[in-house]
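# Working through the structure, step by step
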2 protein chains.
Amino acid sequence: MYKVIFQFENNDSVESYANEGENLLEVARKSNVAIDAPCSGNGSCGKCRIRLISGDLNSKRTRHITDEEYAMGWRLSCCSTVAGDVTVEVPDIASAYRSRMKVADLSSSDEVKIFEEAKAQVEEAGIVLKNSMSVVELEMNEPTLDDTMPDNERFVRAMEKTTGIEKVRVPYSVLRKLARVLRSSAFHVKCVIRKTARDVFVYDVMPAKEEVVIGGLAVDIGTTTVSAILLNMTTGEILAKASSGNGQIRYGADVINRIIESQKPGGGKKLQKAVIEETINPLIWQMCQSCNFDRDRIYRMSVASNTTMNHLLMGVDADPIRKEPYIPTFFKTNALFASDIGIDIHPDAHIIVAPNIGSYVGGDITAGAFISMIWNKPTMSLFIDLGTNGELVFGNSDFLMSCACSAGPAFEGGDISCGMRATDGAIEACTIDRDTMEPNLTIIGKEGTKPIGMCGSGLIDVISELFINGIINAKGKFIREGERIKHDKYGMGSYVLVFEKDADSVKDIEITEVDIDNFIRAKGAIFSAIRTMLNSLDFTVDMIDDVYVAGGIGSGINMRNAVNIGMFPDIPIEKFHYIGNSSLTGAYTMLLSTQAERKTYEVAQNMTYLELSTVPTYMDEFVASCFLPHTDSSIFPTVKLK
Amino acid sequence: MYKVIFQFENNDSVESYANEGENLLEVARKSNVAIDAPCSGNGSCGKCRIRLISGDLNSKRTRHITDEEYAMGWRLSCCSTVAGDVTVEVPDIASAYRSRMKVADLSSSDEVKIFEEAKAQVEEAGIVLKNSMSVVELEMNEPTLDDTMPDNERFVRAMEKTTGIEKVRVPYSVLRKLARVLRSSAFHVKCVIRKTARDVFVYDVMPAKEEVVIGGLAVDIGTTTVSAILLNMTTGEILAKASSGNGQIRYGADVINRIIESQKPGGGKKLQKAVIEETINPLIWQMCQSCNFDRDRIYRMSVASNTTMNHLLMGVDADPIRKEPYIPTFFKTNALFASDIGIDIHPDAHIIVAPNIGSYVGGDITAGAFISMIWNKPTMSLFIDLGTNGELVFGNSDFLMSCACSAGPAFEGGDISCGMRATDGAIEACTIDRDTMEPNLTIIGKEGTKPIGMCGSGLIDVISELFINGIINAKGKFIREGERIKHDKYGMGSYVLVFEKDADSVKDIEITEVDIDNFIRAKGAIFSAIRTMLNSLDFTVDMIDDVYVAGGIGSGINMRNAVNIGMFPDIPIEKFHYIGNSSLTGAYTMLLSTQAERKTYEVAQNMTYLELSTVPTYMDEFVASCFLPHTDSSIFPTVKLK
């Protein structure tokens, strides 16, 4: 056995032991050291860089590490095996786009606006913004020697009288504290209840003089990014908002690699822990701290996520999802409570899971399709959710069809050498001067924020500009020369957006031909999915009345540029609408409105699913789409080079 | 701070620290060292003996420690304070009557007979021996690309078809394993379900080829003794039976002292832990081991216990029970599950708690009154449960009245210097020769078992024989001399039943005047309660048709002797029936039969409660009863000295 020491930039370190020849990425994983490995360790993504400080590693050379970098000690951990005692540095930059948790600044109206809009839209559709949770006040007579009714009977009778509902359910958690609360409040209490026509469930009881806000937690669990909001369930007010990388990402960038990882011994528990203990619970703590909220006062939670994510969240076996005939354990479940899986809110809090409709179209899409309101319009709409999986829903108030394609994490900055999420320091928009090839960048964050990398919307702009200005060709290869264009010794071209000295980074921020290739495959997957689905319904792109684009790609997405690169169909730009993280707004409305929750189930029930892999033409469509904008330029008539 | 070391006979030890002057019993308690202290540390019971090995203690002298014993290092821990580093031995003998767990030998027909009889009686009363738990087998079509229904929907539909019930509840615990079980069994499974007219709740799912027995756990939580059985819920067969002392006993012998202890910081948790982790769970483990049963296959539990015990079990505040106006948190609750309080059986197992009817008449009495069947007879019956609290129920099919009195632990061998529970080594019966004063003893256990102490039935015999033979007077004082009669330097008399050399003990087995006094007060409490209750109803003892005696006093109880000492009314002996631990048999039938469970609730509902302390004559009755047999000998006409 050799000793392996992982050092972090903050001077923490983790010690572990490994046998000769053990893969360093595996050693890191078993030691709970987070190293980013979106490709799950097959050497293709180049993200799992570490730096050898001392000792012995056997490392394969790869195109991801330059000679200079190699000399400095940089290695890919997935391509390295232990050859002796060894100390390596795990750079924070490796997780740059991944995990920095961000609590939103709610004083910025943009953060809240999207939820206000969602509420307005839901109300416009005639859906009442009312849920079954409420606070009631009860005043009881204090017991005497002549009135010795036990506490819970006294309490239940008062509740029956106040609510008019005969069946009152007092769970153990309330029973346990009832005597104390009643006596500390002179039998004058407030209760948090869920009231239906059939029964009243008592979540909590507290002295009447306490201020009580019923907290709700809505979470969008993306394969790459997890976003959450804390809301006042009575008013709908957003109390806090936060997001972070999905802690599972170190076990694979996409759902398939995660499922494979979950099948290893202890894998299911490990992945569940990564998303709950390392991602969702820290988000809860941060949000509660930011607005001084007691997390035990969060009495209900909604989750919108793809089918694999909600299976892994629940620790339910996800393996049948990836194996023919691709069967999930559930589409719908209402059996989940916070204490079942260790979500750190009130233990009796019910967790509503937005319904899946198939192994590859999950609750994120049903929640998103609901809030896009495409089910409520007579005109034809296309809903596109740009996540690690791309999902589409097409239809109107008469029918809805959905399909899914694997886009990879490129839209959220994954699989891109300088990619990152749409947070502070991300290049979210770009224009490039035709002649000088100098870029003009828009950076997320306060004035003066230095760029760190590119988010999805920035990538679309950069590639579109490089293409329109004739700097790259339709295959994404560099065809012009200049100060910002470099070629490495393998001949791979790249374009420098920000030189190291101007960046908040240890190297140039650049886009390489490999990045462009990755992105072209992602956008090709989306476009070919759109074409294939429309074809299957005998529709053409010009019959689309509206396109609703959702996802973490960033509100800066330039639809014209997305058309230029052949990601979206070439239809009038005014038909496109960016609706943000619809999965999260959908989860929000499911919490806020019982009718919205029901409607989401109804939308899911009525949605059909097209399995693209069963459509013979899909592969051809995909290959044809892996060009800028497309091999058949006639379907992009408005795209012209400058 | 001084170091305090507690040594045990098995050579284990516990190290702790204490300040000068700290009470040694308190130090033991905070260090989780079990020292028996039924009087909760007020110096009266003399049970908390320890032996000073080295170091410094300040100890008060007490009548419980002889000079010889003091010289050997014996001290009462409640009367000792720390005066320096100290090492003490905690003798196992101190807990002799308390905690040795005993798994019953079911091959002895006596152990099982009582449950067979209970079943027969219940059936005779027209109650169906059927509960809602059952095993169903489901066979499903395996999914294909043309039949991609998710697992839980497939499962629920099969369940609906088999049971005819539309609402099927699949909890998280089942959902989590569903995919694996279905695939490992080719979609042919067995399920443990609870089926009602309204819904089906699925407790468990397993491959169809597995043998499944639905386990049920019935527990009688006495203040002094906890008894439990593991049963087959389908057939009613007793699979295992065990009992042990209630681990809470070190925090006080009676409910009042326990409640006081529960109010100290962390006290509620400590008492809950003592009865669950240290008592009930070990009983479960022992029982499961004895019959090779998987404890996760115990899907339902019933508890019969007094009001304080079920409150402390649940960690519910019991303080209002002992304070005017004496209000418990609950009479009935159906909100308790095994996982709520850490009972080590299937986490979703429902815990049925036999209903309380007042702060001092609890579920042990309602379960016992049910199984005594007194509610089903036109004739007048008296039900007596001889526990640490004595409870009485009087009535017939038209009315039932109950009352409670504090008898103390004497009937279970507590508060008696050589007292013990009715287990191996206990003197359970005794006659004494009028002339020689030599005793003739019956010992529980195999032929040749040496006596250790006396259980309740033995005490009744010894005191009756001492009295009838003129060895003690009506006040319980020794009035004859002999080899077996001793007096200590304070003049306290005692009678030696077994000399040290013949006993499995380090000292003589004897009964002292203090013991007799304690026992007289216990029996006086019972008899005066009987008189007071009957008087309040304008009944006299000769109007009683049957007396059902229950409790852990031992099946050897001699009713004639119990009348002789004035414990039971002087009515024809054939009217007395010993029905054993009716609290446990009642809990057994509640599990086995849904109708019996309902009937128990009904019996509780119809039972009125007489608070003895509000009856002005009760105290006089009690004082008059604290003689052998009574100050008014005319009410015991058949009791004659030999």
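Predicted model, so just to flag it, every value in this text is computed and none were measured.

## Quick look at the overall build of chain A
Across its full length, chain A carries 17 helices and 27 strands. Taking 642 residues into account, the globule formula puts the C-alpha radius of gyration at 26 Å, and chain A, at 26 Å, falls close to it. Along the three orthogonal principal directions, the C-alpha set of chain A runs to about 95 × 65 × 50 Å. Within the span of chain A, comprising 642 residues, buried residues form 62% of the whole. Partitioning the intrachain contacts of chain A with sequence separation of at least 6 by distance along the chain shows that 68% fall at a separation of at least 24. Surface accessibility of chain A: about 24400 Å² in total, with carbon and sulfur atoms responsible for 48%. For chain A, the centre of its 65 positive side-chain charges and the centre of its 85 negative side-chain charges are spaced 3 Å apart.

## What to know about the pairing of strand 3 (residues 49–59) of chain A
Residue and element names in this part refer to chain A. Taken together, the three bridges between strand 3 and strand 4 (residues 74–76) define a ladder with antiparallel strand orientation. Residue pairing in the sheet places Arg51 in a bridge with Trp74 of strand 4. As paired strands, strand 3 and strand 5 (residues 80–90) are joined by seven bridges and run antiparallel to one another. When the bridges of strand 5 are listed, Leu52 appears paired with Val88.

## A closer look at a positive patch on the surface
Among the surface-exposed residues, Lys167 and Arg198 of chain A together with Lys167 and Arg198 of chain B lie close enough to one another that they form a single positively charged patch. When its relative accessible area of 38% is taken as the criterion, Lys167 of chain B is described as partly exposed.

## Thoughts on the packing of helix 4 (residues 151–163) of chain A against helix 5 (residues 172–184) of chain A
Describing two packed helices takes the angle between their axes plus the distance from one axis to the other. Residues and elements named next belong to chain A. At a minimum axis distance of 10 Å, the contact between helix 4 and helix 5 shows a crossing angle of 80°. Taken together, the axes of helix 4 and helix 5 are roughly perpendicular relative to one another. Residues Asp151, Asn152 and Phe155 of helix 4 form the contact with helix 5, whose own contacting residues are Leu175, Leu178, Ala179, Leu182 and Arg183.

## Some thoughts on the interface of chain A and chain B
Taken residue by residue, the interface counts 42 residues in chain A and 42 residues in chain B. Carbon and sulfur atoms supply 61% of the area that chain A and chain B bury against each other, a total of about 3100 Å² over both sides. For the chain A face of the interface with chain B, the top three residues by lost area are Tyr172, Ile327 and Thr329 of chain A, together amounting to 21%. Scanning the region where chain A abuts chain B turns up one salt bridge.

## Re the packing of aromatic side chains
Residue and element names in this part refer to chain A. Following the criterion strictly, the structure yields 20 aromatic pairs over all chains and no others. When the ring of Phe394 is compared with that of Phe539, the centres are 5.1 Å apart and the planes differ by 75°; the resulting orientation is edge-to-face. In this pair, Phe394 sits in strand 17 (residues 389–395) while Phe539 sits in the loop between helix 13 (513–536) and strand 25 (546–550), placing the two residues 145 residues apart along the sequence. With a relative accessible area of 0%, Phe394 lands in the buried category. By the ring-pair criterion, three or more aromatic residues cluster together here, those being Phe201, Tyr203 and Tyr299.

## Observations concerning the relation of the copies chain A and chain B
Least-squares fitting of chain A to chain B yields an RMSD of 0.1 Å, with the superposition described by an axial translation of 0.0 Å and a rotation of 180°. The relationship between the two copies is best expressed as a two-fold rotation axis. Using C-alpha coordinates, one finds that chain A approaches the rotation axis most closely at Ser339 of chain A, a distance of 5.2 Å. Of the residues that chain A buries at the interface, 100% are likewise interface residues in chain B, meaning the two copies contact each other through the same surface.

## A look at the sheet that holds strand 21 (residues 453–454) of chain B
To summarise the sheet geometry, strands pair through backbone hydrogen bonds and adopt either a parallel or an antiparallel arrangement. Residues and elements named next belong to chain B. Pairing in this open sheet of three strands is mixed, and the strands run 20-19-21 from one edge to the other. Lying at the two open borders of the sheet, with one neighbouring strand each, are strand 20 (439–443) and strand 21. Sheet topology note: the strand 19 (residues 426–432)/strand 20 ladder contains five bridges and is antiparallel. When the sheet's bridge partners are listed, Ile427 is paired in strand 20 with Ile443. On the sheet, helix 12 (residues 456–468) packs against strand 19 and strand 21 and is oriented at approximately 15° with respect to strand 19.

## Re the pattern of salt bridges
All names here are of chain A. Overall, the coordinates contain 48 salt bridges over all chains when judged by the stated rule. A salt bridge links Asp344 to Arg295, with the shortest nitrogen-to-oxygen separation between them at 2.7 Å. With Asp344 in the loop between helix 10 (338–341) and strand 15 (350–353) and Arg295 in the loop between helix 7 (267–291) and strand 14 (298–305), the pair connects residues that are 49 residues apart, well separated along the chain. Where salt bridges share partners, they join Arg61, Asp67 and Lys489 into one cluster.

## With respect to the environment of Gln263 of chain B
Note that Gln263 of chain B resides in the loop between helix 6 (255–262) and helix 7 (267–290). Each C-alpha atom, one on Gln263 of chain B and one on Ala318 of chain B, is 8.5 Å from the other, the two residues being 55 residues apart in sequence. Each residue touching Gln263 of chain B, except ones within four places of it in the same chain, is listed here: Arg180 of chain A together with Asp317, Ala318 and Asp319 of chain B.

## With respect to the side chain of Ser185 of chain B
With respect to the helices, strands and loops of the structure, Ser185 of chain B is situated in the loop between helix 5 (172–184) and strand 9 (188–195). There is a polar contact of 3.2 Å between the side chain of Ser185 of chain B and the backbone oxygen of Leu182 of chain B.

## Quick look at helix 17 (residues 618–625) of chain B
Residue and element names in this part refer to chain B. All of the buried residues along helix 17 are Tyr618, Glu621, Phe622, Ala624 and Ser625. Seen from one end, helix 17 has its buried residues packed into an arc of 165°, which puts them on one side. Buried residues along helix 17 sit against strand 18 (400–406) and helix 13 (513–536).

## Looking at the nonpolar core
Core analysis: the biggest nonpolar cluster contains 88 residues, and Ile280 and Ile343 of chain A together with Phe155, Met159 and Cys191 of chain B have the highest contact counts within it. If one sorts the elements of this core by residue count, helix 7 of chain A sits on top with nine residues. Beyond its immediate chain neighbours, meaning those up to four positions away, Ile343 of chain A contacts Ile276, Ile280, Asn281, Ile284, Met301, Ala338 and Ile351 of chain A.

## Description of helix 5 of chain B
Residue and element names in this part refer to chain B. If you check helix 5, its first and last C-alpha atoms are 19 Å apart, about what 13 residues at 1.5 Å a residue would give, namely 18 Å. The sharpest bend along helix 5 reaches about 50° and sits at Leu178. By the burial criterion, the buried members of helix 5 are Tyr172, Ser173, Val174, Leu175, Leu178, Ala179, Val181 and Leu182. Following helix 5 by one or two positions, Ala186 adopts a phi angle in the positive range, close to 55°.

## Considerations on the sheet that holds strand 4 of chain A
Residue and element names in this part refer to chain A. With mixed pairing, five strands are arranged side by side in an open sheet as 2-1-5-3-4. Of all strands in the sheet, those bounded by a partner on one side alone are strand 2 (13–18) and strand 4. Neighbouring strand axes in the sheet, compared pairwise and without regard to direction, differ in orientation by 35° on average. Sheet topology places strand 1 (residues 2–8) next to strand 5; five bridges connect them, and they run parallel. Bridge assignment links Phe8 to a residue of strand 5, and that residue is Val90.

## Focus on the confidence of the model for chain A
Here chain A averages 91 in pLDDT, while 96% of its residues score no lower than 70. With pLDDT under 50 throughout, residues 93–99 of chain A is counted as low confidence; its partners more than four residues away or in other chains account for 25 contacts.

Rules used throughout
Within each chain, residue numbers correspond to sequence positions counted from 1 in written order. Think of it this way: whatever chain is written first is A, whatever ligand is written first is 1, and the rest follow in order. Per-residue local features of the predicted model are confined to residues with pLDDT of at least 70, and side-chain atom pairs are confined, for both listing and counting, to 80 or more; whole-chain, interface and lining totals are unaffected and use all residues. For the side-chain quantities, the full set of heavy atoms in the structure was used; hydrogens and water were omitted. Here a strand is any run of E in DSSP of at least two residues, a helix any run of H or I of at least four, and the numbering for each starts at the N terminus. The globule rule used for comparison is 2.2 Å times the number of residues to the exponent 0.38, while the radius of gyration itself is calculated over C-alpha atoms. For the exposure calls, accessible area comes from a 1.4 Å probe over protein chains only, and a residue counts as buried if that area is under 20% of its type's maximum, exposed if over 50%, partly exposed in between. In what follows, residue pairs with any heavy atoms lying within 4.5 Å of each other are defined as contacts. Exposure was quantified through the Shrake-Rupley algorithm and a 1.4 Å probe, taking into account, for residues, occlusion by the shown protein chains and nothing else. Note on charges: Lys and Arg go in the positive column, Asp and Glu in the negative column, and His and the chain ends are not counted at all. Lysine's charge is taken at NZ, arginine's at CZ, aspartate's at CG and glutamate's at CD. Two strands pair under a simple rule: DSSP has to find at least two bridges between them. Grouping into patches uses exposed residues only, defined as over 30% relative accessible area, and leaves out salt-bridged ones; the cut-off is 9 Å for like charges and 5 Å for nonpolar side chains (Val, Leu, Ile, Met, Phe, Trp, Tyr). By convention in these notes, a salt bridge is any Lys or Arg side-chain nitrogen within 4 Å of a carboxyl oxygen on Asp or Glu. The convention used is that axes are lines fitted to C-alpha atoms, helices contributing only their stretch in contact, and that angles between N-to-C directions extend from 0 to 180 degrees. Angle categories are assigned with fixed cut-offs, so that under 35 degrees is roughly parallel, over 145 is roughly antiparallel, 65 to 115 is roughly perpendicular, and the rest are oblique. Put simply, buried area is how much 1.4 Å-probe accessible surface two parts lose in total, over both of them, once they are put together. Two rings from Phe, Tyr or Trp (for Trp, the six-membered ring) form a pair when their centres are within 6.5 Å of each other. A pair whose planes differ by under 30 degrees is stacked, one over 60 is edge-to-face, and the rest are tilted. Superposition of the copies was done by least squares, using only C-alpha atoms of residues whose pLDDT is at least 70 in both. Polar contacts, as used here, are pairs of N or O atoms within 3.5 Å; protein pairs need one atom able to donate a hydrogen and one able to accept it. Residues neighboring in sequence count only if both atoms are side-chain atoms. The arc in question is traced by the directions running from the helix axis to the C-beta atoms. Side-chain atoms within 4.5 Å are what join buried Ala, Val, Leu, Ile, Met, Phe, Trp, Tyr and Cys residues into a set we call a nonpolar core. The length a helix should cover is 1.5 Å for every residue beyond the first. Working definition for bend: take the seven residues up to and ending at a residue and the seven starting at it, fit an axis to each, and measure the angle between the axes. What pLDDT conveys is the predictor's confidence in a given residue, as a value from 0 to 100.

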